[in-house]
Amino acid sequence: MSNSKNDNTKTSFWDKLKDSPSTDEFMKGIWKDNPVFVQVLGMCPVLAVTNTAENALAMGLATAFVLLMSNVLVSVLRNFIPKQVRIASYILIIASFVTITDYVIQAISIDLHKSLGAFISLIVVNCLILSRAEAFASKNTIGKSVLDALGMGVGFVFALLCLGGVRELLGNGTLFSYSVFPEGFQEWIIMILPAGGFFTLAIWLIFFNFRNQRKATV
Amino acid sequence: MTVASLGNIFISACLVNNFVLAYFLGICPFLGVSGKMETATKMGGAVTFVMLISSMCAYGIHALLIAIGAPFLQLISYIVVIASTVQLVEMFVKKMSPALFRALGIFLPLITTNCAILGLALFQTNKGYGFVESIVYAAGAGAGFTLALILIAGLREQLEFSEVPKVVKGTALVLLTAGILSLAFMGFSGLGGK
Amino acid sequence: MSRETQQQNNSNSTKMLVAMVGIGVICALLIVFTFEQTLPVIAKNKAEALEKAIFKVVPNASSFKAFQWSDKKFIEVDKSTEGELLYAGYNSENAFAGLAIQAAGQGYADVIRILYGYDVKSQKVVGFYVLETKETPGLGDKIEKEEHFLANFEGLDVSLNDNSTIKNEIETVKQGTKENAWEIDGITGATISSRAIGDILKESTTYWMPIIQGNKNIFRLEE
Amino acid sequence: MLNKTLNINTSPHIKMGISTDVIMRNVVWAMLPIAAFAVYSFGWSALLVMLTTTGACVLTEHLLCKYSKKESTISDWSAIITGLLLGLTLPPAFPLWMAFVGGVLAIALGKYAFGGLGSNVFNPALIGRVVLQAAFPVAITTWTPAMLTDRFTSIASSTFTFPFMTPKVDGLTGATPLSAFKFDNIGTASQDLALGMTSGSLGETCSVLILLGGAYLVFRNMMNWRIPASILLTVFVFSGLFYLMDSTLYPSPMFMLFSGGLMLGAVFMASDMVASPITPIGVWVYGFAIGALVVVIRLWGGQPEGVMYAILLGNALSPQIDKLIRPRVYGTTKVSKK
């Protein structure tokens, strides 16, 4: 950056940030390799608890926390775990963090725990977490694994919010429980029903397909 | 615990609160292996089988954990039991019927991370079901899972050669179909109430 | 698994064991630590939630005791006991204010669990609170919100005959056609759910009311 | 040149002696008397609802064809059928904006997403209806009584509800015969049922006209008579059995046949050629499944009416039925014997 002129310092800084591998590690999860919209992983929680934005956010954060912690631990122990028992160890680690998350959420709010129900425990079988542990954290340094987990986690939260926001907005006329529309707004109850989950995700996927195709043709 | 109440548990798990269409459990295999009828049927059978076994195990474990006062081990022991059940079933099937093993081969390991199995174990614990009720619940959930899978597979096979718009093709189309099926299954709600 | 990794692992089966045990120990420590730390908070949260629900259905209550029906008599138990409990609410002067009773039954989608208040003296249901429901959002969940429906439970008649049976069983009627004190004014558009509530209450009151009226003295505080 | 048959390239391949648009046009003719009766018994609101759904369907079809750079397919009349059918399943005072949404979704979701006419695995009109039912359950179960005196002088205020707003219900609302039976155990005279003197959705009240329309299509070899026949027969036999067992608890088979959307569904919706099985035996199985589901949902389900769900489930089952019952000679015509 030192040899760059003053007027384009900023651009080159951004360029550098953009080109730096660590940013790439982080950003890929949010957009290019978004776990939900691109990789279509971890569908159960994505659909089941996104009937309100609040639930979606809580679920996203819980998943991101488990993802981050298990990525860190897997990465730390990557040279210690023999290959043969690696999947079993990953599951053990993930299950432990999920149990921890479950108790922490109960301690924070019983109501939140009630509305998320058994789906907190089901984070264990979220393919996203196991696949990150297996595909990334077991082969990379702690720093990189943290970045990867953060990126994927943020991407996951983002995707859940996209779904939960739309569903709550249309289905209940609110966003994070704040009324958004004027009095007398007709709620589209289908959006908070299971079918609405399927449809909303389908529409987001169609939107992403549409974008990609437009890009490809341009 | 009457025959009628067991029937209600079955209907509820199979139709009214279908694991795939109402609880979104087991969506990954639902999206993955529902392209062909044949694989869908086999996957359904395998899942139902593992569900029945792990449901019984989960009942025992829950009782044991309550007895020794360690509820915090519930999740870990469930997942370990499910993983080892799958492993055992795999070994058993391999020995007893190699033909069946070849047919189910790739699906069995997948079942470990099928949330429907763990979900079943957790739900039956939360609902406080007894041993017989748990088995009926597992049978209903398995039947419902298989039903949803087979229905989708048939529709997907039929859609294979149609001119589906490019933007909809793939996962989005399966999700749309699943959404419509989920709406159609709403017709069952209220069944098995009284 | 490739051949070289297998060889590597065969020579290292102790390493495998050590690794699994090591991970197990780390995980166990983490879980037990969290469990110990959060247990009191969770217990406190749960107790508060229960207390809130009880105070909601028993008017004027400011403290409560838990009772269990066993061996044909009520015995006082710890508040966090699992199982079928009755809660007796007491007002600020420590006088008996009413009972809170749990009940459950099949709704439209899944089991509905409710807590209702019972005034022993006037023999009426005096409060109502939904503990758990998976009823259709926007429709069935009106049983928690609809004001005219909740107004039913400000004084629902469940008084007994001399022979200790309910005089008039609770019945849910169409919205706007409630005539008698034992009828529940239903909800248009949530017919099934509002009827389910009526049935749950009917079943529970038919069972409990004679028992409670026969043993009501136990709930009074010993002066 | 506009009359060329559609480019159908999915199974089932239906070979007809007659081109698609001629059949479609005749289906519309068969439905027109029902629509006319709906206007007669429910007034201008009914007309507006049907015009809106039809308009929405045709417009959506046109725009989607334009978007995917295909020749517009509105001239084959199928979008009109979908729109009119959807309109016939809605209550009279249904807000027009919701009807519009239903029409758009019926075509976009029920037809276009699956690849257009010939590939729609579900009946598009039913998809529009079932989505509306799930989205606006209150509005879609608010029924106006038939033959109100002011039906041609005033229009229900809910009809012109501002888009995205909740309709305000004023004036009279009635219960359909089915919900009256289910929730309050009140029967309806069978004469009223057959002639359509009851409240209900636009096209479901007058069974006589529906049967006449169906008979016309069967007579002209444009519909598979087995589908409505098998459904109605199953419902009649099943509900008859229960009626014989306990006539106080279960409704009479005639009531089951003539109430609700059963007639309309059996004649005009379940008979959708693409979404039903091909073989004659398959069709009987399909009809039996739908009929049985209707009885089960009506008698023991949570909702008074189950025809819509039963037909959708039947549509979903039809690939399975086709698979299990192989056609003896694959590809023979199923309707016309020419």
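Conventions used here
Residues numbered from 1 in each chain as written. Chains lettered and ligands numbered in written order. Predicted model: local features only at pLDDT ≥ 70, side-chain atom pairs only at ≥ 80, totals over all residues. Heavy atoms only, no water. Helix = DSSP H or I, 4+ residues; strand = E, 2+ residues; numbered from the N terminus. Rg over C-alpha atoms; globule rule 2.2 N^0.38 Å. Buried < 20%, exposed > 50% of the residue type's maximum accessible area, 1.4 Å probe, protein only. Contact = heavy atoms within 4.5 Å. Areas by Shrake-Rupley, 256 points an atom, 1.4 Å probe, with all protein chains shown as cover. Lys, Arg positive; Asp, Glu negative; His and termini not counted. Charge placed at Lys NZ, Arg CZ, Asp CG, Glu CD. Buried area = accessible area lost by both parts, 1.4 Å probe. Salt bridge = Lys/Arg side-chain N within 4 Å of Asp/Glu carboxyl O. Nonpolar A, V, L, I, M, F, W, Y, C, P; charged D, E, K, R; others polar. Core = buried A, V, L, I, M, F, W, Y, C linked by side-chain atoms within 4.5 Å. Phe/Tyr/Trp six-rings, centres within 6.5 Å; stacked < 30°, edge-to-face > 60°. Lys NZ or Arg CZ within 6 Å of the ring centre and 35° of its normal. Pairing = 2+ DSSP bridges. Axes fitted to C-alpha atoms, helices over the stretch in contact; angles between N-to-C directions. Parallel < 35°, antiparallel > 145°, perpendicular 65-115°, else oblique. Left-handed = near helix turned anticlockwise from the far one by under 90°. Polar contact = N/O pair within 3.5 Å; in protein donor to acceptor, adjacent residues only side chain to side chain.

Would you take a moment to explain the overall build of chain B for this structure?
Counting its regular elements, chain B contains 9 helices and 0 strands. Its helices and strands taken in sequence order, chain B reads α-α-α-α-α-α-α-α-α from the N to the C terminus. Computed over its C-alpha atoms, the radius of gyration of chain B comes to 17 Å, within 12% of the 16 Å expected for a compact globule of 194 residues. With respect to the principal axes defined by its C-alpha atoms, chain B has extents near 60 × 45 × 30 Å. Looking at chain B as a whole, 61% of its 194 residues qualify as buried. Expressed as a percentage of contacts within chain B between residues at least 6 apart in sequence, the contacts between residues at least 24 apart total 79%. Accessible area for chain B stands at about 7,200 Å²; split by element, carbon and sulfur atoms hold 71% of it. Averaging the locations of the 10 positively and 6 negatively charged side chains of chain B gives two centres separated by 4 Å.

Would you take a moment to explain the overall build of chain D for this structure?
Helix and strand content of chain D: 13 helices and 0 strands. In sequence order, chain D lays out its α and β elements as α-α-α-α-α-α-α-α-α-α-α-α-α. Put simply, of all contacts in chain D between residues at least 6 apart along the chain, 78% involve residues at least 24 apart. As displayed, chain D offers around 13,400 Å² of accessible surface, 69% of which is attributable to carbon and sulfur atoms.

Looking at this structure, how should I read the interface of chain B and chain A?
The figure often quoted for interface size is the accessible area lost as the parts come together. Each side of the interface is counted separately: chain B has 37 residues, and chain A has 35 residues. When chain B packs against chain A, close to 3,000 Å² is buried across both sides, 85% of that on carbon and sulfur atoms. At the boundary of chain B with chain A, the tally comes to 0 salt bridges. Looking at the side of chain B that touches chain A element by element, the count peaks at 9 residues for helix H9 (residues 171–185) of chain B. For the side of chain B that touches chain A, the class distribution of residues is 27 nonpolar, 8 polar and 2 charged.

Explain the nonpolar core here, please?
Grouped together as the largest cluster of nonpolar side chains are 239 residues, with contacts concentrated most on Phe19 and Leu118 of chain B together with Phe268 of chain D. Counting residues per element, this core draws most heavily on helix H8 (residues 131–159) of chain B, at 13 residues. In this view, Phe19 of chain B contacts Ala13, Phe24, Leu25, Met51, Ala116, Gly119, Leu120, Phe123, Tyr137 and Ala141 of chain B; residues no more than four positions away in its chain are not counted. Judged by nonpolar contacts, the second largest core, of 37 residues, contains Phe128, Val158, Ile166 and Phe219 of chain C.

How should the packing of aromatic side chains be read in this particular structure?
Aromatic rings in a pair are described by how distant their centres are and how their planes are angled relative to each other. Under the criterion given, the structure shown has 40 aromatic pairs over all chains. Among the aromatic residues, ring-to-ring pairing joins Phe119 of chain A together with Phe19, Tyr23, Phe123, Tyr129 and Tyr137 of chain B into one connected group. The residue whose ring lies beneath Arg151 of chain D is Tyr40 of chain D, and the NZ or CZ to ring-centre distance is 5.2 Å.

Would you mind going over the pairing of strand E1 (residues 63–70) of chain C with me for this structure?
The side chains of a regular strand alternate between both faces of the sheet. All names here are of chain C. By the bridge criterion, 5 bridges tie E1 to strand E3 (residues 86–90) in an arrangement that is antiparallel. Bridge pairing links Phe64 to Gly89 in E3. Where E1 meets strand E2 (residues 73–77), 5 bridges bridge the pair, whose relative direction is antiparallel. Note that in E2 the partner of Trp69 across the bridge is Phe74.

Any chance you could explain the packing of helix H8 (residues 207–219) of chain D against helix H11 (residues 262–269) of chain D here in plain terms?
For any two helices packed against each other, one specifies the inter-axial angle together with the distance between the axes. All names here are of chain D. At a closest axis distance of 9 Å, the pairing of H8 and H11 adopts a crossing angle of 15°. For the element pair H8 / H11, the angle class is roughly parallel. Helix-helix and strand crossings are classified by hand; for H8 and H11 the assignment is left-handed. Every residue of H11 that contacts H8 at Ser207, Ile210, Leu211, Gly213, Gly214 and Leu217 is listed here: Met263, Leu264, Val267 and Phe268. Of the residues in the contact of H8 with H11, the class split is 7 nonpolar, 3 polar and no charged.

Looking at this structure, I do not really get the packing of helix H2 (residues 44–67) of chain D against helix H4 (residues 96–108) of chain D. What am I missing?
Residues and elements named next belong to chain D. Put simply, H2 and H4 touch, their axes get as near as 8 Å, and they point 35° apart. Viewed along their axes, H2 and H4 form a crossing whose handedness is right-handed. Along the contact surface, H2 presents Leu48, Val49, Thr52, Thr53, Ala56, Cys57, Leu59, Thr60, Glu61 and Leu64, while H4 presents Leu96, Ala99, Phe100, Gly103, Val104, Ile107 and Ala108.

Would you mind showing me how to read unusual backbone geometry here?
It is generally the case that most residues other than glycine have a negative phi and that most peptide bonds are trans. Positioned with a positive phi, Phe176 of chain A is a non-glycine residue whose angle comes to about 50°. Of note, Phe176 of chain A is situated in the loop between strand E1 (174–175) and strand E2 (178–179). The phi angle at Asn60 of chain C is positive, at roughly 70°, despite the residue not being glycine. With respect to the helices and strands, the residue Asn60 of chain C is situated in the loop between helix H2 (13–57) and E1.

Quick question: what am I supposed to make of the interface of chain A and chain D here?
With 12 residues of chain A at the contact, the number on the chain D side is 14 residues. Buried surface at the junction of chain A and chain D, summed over both partners, amounts to about 1,000 Å²; 73% is from carbon and sulfur atoms. Ranking the residues of chain A by area buried against chain D places Gln186, Trp188 and Ile190 of chain A at the top, with a combined share of 52%. At the junction of chain A and chain D, the tally comes to 5 residue pairs in polar contact (both at pLDDT 80 or more). A breakdown of the residues in the side of chain A that touches chain D according to their chemical character gives 8 nonpolar, 2 polar and 2 charged.

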